[in-house]
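Residues per chain, in single letters:
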Amino acid sequence: MENGEKIYRTMSVTGVIAMTAGIVAIVAGIVTGVMAIVSGAMLLGQKKNVLF
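I will try to describe carefully the structure that is included in this document.

## Notes on the overall build of the chain
Thought 1: The secondary structure content of the chain amounts to 1 helix and 0 strands.
Thought 2: Its C-alpha atoms give the chain a radius of gyration of 23 Å, clearly above 10 Å, the size a compact globule of 52 residues would have.
Thought 3: Projected onto its principal axes, the C-alpha coordinates of the chain cover approximately 75 × 15 × 10 Å.
Thought 4: Looking at the chain as a whole, 0% of its 52 residues qualify as buried.
Thought 5: Approximately 4900 Å² of the chain is accessible, and the part contributed by carbon and sulfur atoms is 75%.

## Observations regarding the environment of G4
Thought 1: Secondary-structure assignment places G4 in helix α1 (residues 3-45).
Thought 2: G4 sits 17 residues away from A21 along the chain, and the two C-alpha atoms are 26 Å apart.

## Overview of the pattern of salt bridges
Thought 1: According to the stated counting rule, one finds 1 salt bridge in the structure shown.
Thought 2: Across the salt bridge formed by E5 and R9, the nearest N and O atoms sit 3.6 Å from each other. Of this pair, E5 and R9 both sit in helix α1, 4 residues apart, roughly one helical turn.

## A closer look at the environment of A28
Thought 1: Structurally, A28 can be placed in helix α1.
Thought 2: Judged by relative accessible area, A28 falls into the partly exposed class, the value being 39%.
Thought 3: A C-alpha to C-alpha distance of 29 Å links A28 and R9, two positions 19 residues apart in sequence.

Cut-offs and rules
Residues numbered from 1 in each chain as written. Predicted model: local features only at pLDDT ≥ 70, side-chain atom pairs only at ≥ 80, totals over all residues. Heavy atoms only, no water. Helix = DSSP H or I, 4+ residues; strand = E, 2+ residues; numbered from the N terminus. Rg over C-alpha atoms; globule rule 2.2 N^0.38 Å. Buried < 20%, exposed > 50% of the residue type's maximum accessible area, 1.4 Å probe, protein only. Areas by Shrake-Rupley, 256 points an atom, 1.4 Å probe, with all protein chains shown as cover. Salt bridge = Lys/Arg side-chain N within 4 Å of Asp/Glu carboxyl O.

Fair warning: the whole summary comes from geometry, so function is off the table for now.
Okay, structure coming up:
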């Protein structure tokens, strides 16, 4: 196997890993945002039950 072929394979694997990490980060951000919105809505809904 030539050096050029090894470099090409390494670059391909690195690109796939980078794309996968990016997709995971986007999905995690979306899930976190949805959870924050839902919990905020629940807090606002229960606001009338809070006694001071």
